[in-house]
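# Chains, contacts and geometry: an overview
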Amino acid sequence: MMMAAMRKQYEVTRPVYSEDSFAEQHKKIYRKHKTILNHVKDYLTCDSKRAKNAVLSLLPIISWMRIYRVREWLLGDVVSGVSTGLVAIMQGLAFALLASLPPSYGLYTAFFPVLIYFFLGTSRHISVGSFPVLSLMVGAVVTRLVPEVGPPANITDFEGLTQDQQRVLVASSVTFLMGIFQLTMGILQVGFIVVYLSDTLVSGFTTAAAIHILVSQLKFVLGLNVPGISGPLSAIYTLEEIFVQITSTNICDLVMSILIMVVVFIVKELNDLYKAKLAVPIPIEVIMTVIACGVSYGFNFETRYDVDVVGKMVSGYESPIPPSIQVLQESAVEAFPIAIVGFAVAFSVAKVYSIKHDYTIDGNQELIAFGVSNIFGASFRSFAASTALSRSAVQESSGGKTQIAGLISALMAMIVTVALGFLLEPLPRSVLGALVIVNLKGMLMQFREIPYLWRKDKLECVVWVGTCLGATLLGLDIGLGVGLGVELLTVVFRTQFPRCSILANIPGTDLYRDRKDYLHVSISSGTNLINKHEHNTTMLFQVGFNPLRVLRKRNKALRKIKKLLMKRDHGITEVKQCNTVETTTPSVFTALDLPTDLKNLPFQMNWNAELPDNISVPRVDLHSLILDFSAVSFLDISAMKGLKTMLKEFIRVDVDVYIVSCDAYILEKLNSYMFFDDEILTSMFFPTLHDAMLNVFEKYNENRIRACVKSRFKTTLLCI
């Protein structure tokens, strides 16, 4: 009781408004909308202020360099850059295997794209470089055009090239086209496209990618010679090849891989456990790589145990190459989803850190930055670049404040490429495979989301499972399309089956819950061609009768009554005037669907009164129907036609219809499409539900209404 007494109260005294009376008392300000030509002129107009803003937008480095705190930030950026560089080098080597390329080209991806992003990127904390999912998607194209077994695709640019050179050309060409797609989307300002990739879809997709990555790395861990397989069911076919050769497992590779995975996993868990106490996470991947290199070189694993090693590392950087036009044509279908996934992952990671450190990122500028980065990198033989969450976490947690940390990590990759690459030549490829697998923990743990999603939102769970299964079985490119299709189907499902409720006033308030004498139906989605029938069906179920059927029954009854009158049968005595309105489109309706014609009757008609025995008409105890449009965001033409027909059907059976909380844009649209006529009037529209209810009270002078309040959990009968 004390809590109720302490609650704040408010009291408002104002007239009861309809939309018409509100418009009369409060004049709407006329806003002149610009034409497309005016928008184009404004876009092309240039002055000093716009030029300055354009430069600052295109080169975000200017903004953060002007506020750079050298004494506070430089040391953290240097430490972070060194730590991130070590991780980027190891991941570059490992992820190059996913792209079916020689490991040394992974170092190119850790260098060239970072240089461009340093100037054009808006995120200060993400680490640009290779990402396992993109590497695998690029690798699928590489193995399709240049298979390990059999001749390559019929491409003239392959003539005179070794298999590795052909694969590098394919990977760089796909990356070039990926960059073109991203740059084009950035110029066209379509960064919003990432909203179509929900967190649930991305989670299911990356989990499927983790399965593909795991399967692809088993051949390195087991030391088997399994050819790369791409296309639908590639994971199953690869597992089949592995099990066929399982007896040929290289024990040295297997033992070394298991040992490295166990050690790296334990140290990573300790890093997470004591991250608050550790200034910099222990670079266990680097430590294990150095140890593996030394042991492999000292005991001559390549010769003694037939271990497959990294081999000859490319020293320095090669001259730039143009993309292959034929490869671009062959890979256009795969390059587009690669571009979308690369941007979606990078943007989602960048958004996390921008919120944490309170600065803004621009999705369209990110598209431009990654587009130019990938185009530039592809010219120097690097493959698809985005970001990896683990590498970005190292850059941020080790003290990185700006992309200077990223620049330093790129310089470390350059040093290894130019001067120290030969030290990595004895590194067993199984070690790289083990490092890739142990870093899949985060993505594979996303399987735990399935029971959570099933409890919270079953449709979201369907999206997750559908995307994961589609991408696992059909391949990542087709699987992404399957995931988008499933997600769109869930949207259609939600709008196809809207939730409607019947509401009534709570005593002494302007709050409403479900009811039953006159109705308020709350529609909880947009209305369109797809779901208009479902809206009508749900509403008729809630109302309890079909107005069109009642109208037809009344017209049939009226014919019988007129015949009785002609025979001088005066068995009808009830009196009540019924309004009639002529229809404006008689060709659409049959004669029975027209308004009831009560002219030339010697009495007033009350259809709820007792009628002669041979005349039966359903009772309509409803006098007012209020439609709440507060949750309706749009109406298409088909929906407007359906709404107009439904409103006329209720009006013609003497039910007053009101529409409340209708968006101003929808009202303008209704006016422009000539929705209103002699039957459907603008006076039917009210700004709030309470205004409409008070209008009904005043019209019918009712003091007692029975209302049925329905919630999701129970049904309660209230007397108001």
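Residues numbered from 1 in each chain as written. Predicted model: local features only at pLDDT ≥ 70, side-chain atom pairs only at ≥ 80, totals over all residues. Heavy atoms only, no water.

As annotated in an unreviewed UniProt entry, the protein carries the name Chloride anion exchanger-like and comes from Stegastes partitus. Word for word, the UniProt comment on the protein under Subcellular location (unreviewed entry) is "Membrane". (UniProt positions renumbered as here; feature names shortened; annotations may be inferred.)

### Points about the overall build of the protein
Counting its secondary structure elements, the protein contains 29 helices and 10 strands. Taken over 720 residues, the protein has a buried fraction of 50%. Contacts in the protein between residues far apart in sequence, at least 24 positions, make up 80% of those at least 6 positions apart. (Helix = DSSP H or I, 4+ residues; strand = E, 2+ residues; numbered from the N terminus. Buried < 20%, exposed > 50% of the residue type's maximum accessible area, 1.4 Å probe, protein only. Contact = heavy atoms within 4.5 Å.)

### Section: the nonpolar core
Counting 115 residues, the largest nonpolar core has Val133, Val170 and Ile260 as its most contacted members. A total of 15 residues in this core trace back to one element, the largest contributor, which is helix 16 (residues 325-357). Ranked by size, the runner-up nonpolar core spans 30 residues in total, among them Met646, Cys662, Leu670 and Phe685. (Core = buried A, V, L, I, M, F, W, Y, C linked by side-chain atoms within 4.5 Å.)

### Focus: the environment of Met605
Within the secondary structure layout, Met605 lies in the loop between helix 26 (547-566) and strand 6 (624-628). Considered as a pair, Met605 and Leu558 are 47 residues apart in the sequence and their alpha carbons are 9.9 Å apart.

### Focus: the environment of Thr402
In this fold, Thr402 is placed in the loop between helix 18 (389-397) and helix 19 (404-420). Along the sequence, Thr402 and His125 sit 277 residues apart, while their C-alpha atoms lie 6.1 Å from each other. Apart from residues lying up to four places away in sequence, Thr402 is in contact with Trp64, Tyr68, Trp73, Asp77, Arg124 and Gln395.

### A look at the confidence of the model for the protein
In this model, the protein carries a mean pLDDT of 82, and residues with pLDDT of at least 70 account for 85%. Predicted confidence for residues 517-532 stays below pLDDT 50, and this span has 80 contacts to residues more than four positions away or in other chains. This model gives residues 569-589 a pLDDT under 50, and the stretch forms 33 contacts once residues within four places in sequence are excluded. (pLDDT = per-residue confidence, 0-100.)

### Looking at the side chain of Arg124
Within the secondary structure layout, Arg124 lies in the loop between helix 8 (112-120) and strand 1 (128-129). Asp358 provides the closest opposite charge to the buried, salt-bridge-free Arg124, at an N-O distance of 9.1 Å. (Lys, Arg positive; Asp, Glu negative; His and termini not counted. Salt bridge = Lys/Arg side-chain N within 4 Å of Asp/Glu carboxyl O.)

### Here we look at the packing of aromatic side chains
Describing an aromatic ring pair means giving the distance of the ring centres and the angle of the ring planes. Overall, the coordinates contain 23 aromatic pairs when judged by the stated rule. Between Trp64 and Tyr68, the aromatic rings sit 6.5 Å apart at their centres with planes inclined by 55 degrees, giving tilted as the arrangement. According to the relative accessible area criterion, Trp64 is buried, its value standing at 4%. Taking 5.2 Å as the distance between ring centres and 70 degrees as the angle between the ring planes, the aromatic pair formed by Tyr105 and Tyr108 counts as edge-to-face. A residue pair is termed a helical-turn pair when its members lie 3 or 4 positions apart in one helix, as Tyr105 and Tyr108 do in helix 7 (residues 105-109) at 3 residues. Through pairs of rings, three or more aromatic residues link up here, namely Tyr105, Tyr108, Phe111, Phe112, Tyr317, Phe376 and Phe380. Sitting above the plane of the Tyr359 ring, Arg124 keeps its charged end 4.6 Å from the centroid. (Phe/Tyr/Trp six-rings, centres within 6.5 Å; stacked < 30°, edge-to-face > 60°. Lys NZ or Arg CZ within 6 Å of the ring centre and 35° of its normal.)

### Here's the deal with the pattern of salt bridges
Any two side chains of opposite charge can pair, on the condition that their charged atoms come close. Overall, the coordinates contain 15 salt bridges when judged by the stated rule. A salt bridge links Asp677 to Lys648, with the shortest nitrogen-to-oxygen separation between them at 2.9 Å. With Asp677 in the loop between helix 28 (664-672) and strand 8 (685-686) and Lys648 in helix 27 (residues 637-651), the pair connects residues that are 29 residues apart, well separated along the chain. Classification of Asp677 by relative accessible area gives buried; the value is 16%. Judged by relative accessible area, Lys648 falls into the buried class, the value being 3%. Overlapping salt bridges, with partners in common, bring together Lys644, Lys648, Arg652, Asp677 and Glu679 in one network.

### Topic: the pairing of strand 6
The buried fraction of strand 6 is high, at 5 of 5 residues. Neither face of strand 6 is left uncovered, since the one carrying Ser624, Ile626 and Asp628 and the one carrying Leu625 and Leu627 both have all their residues buried. Where strand 6 and strand 7 (residues 656-660) come together, 5 bridges link them in parallel fashion. Within the sheet, the bridge partner assigned to Ser624 lies in strand 7 and is Asp656. As for the winding sense of the linkage, the β-α-β connection from strand 6 through helix 27 to strand 7 is right-handed. (Pairing = 2+ DSSP bridges. Right-handed = clockwise from strand over helix to strand, strands pointing away.)

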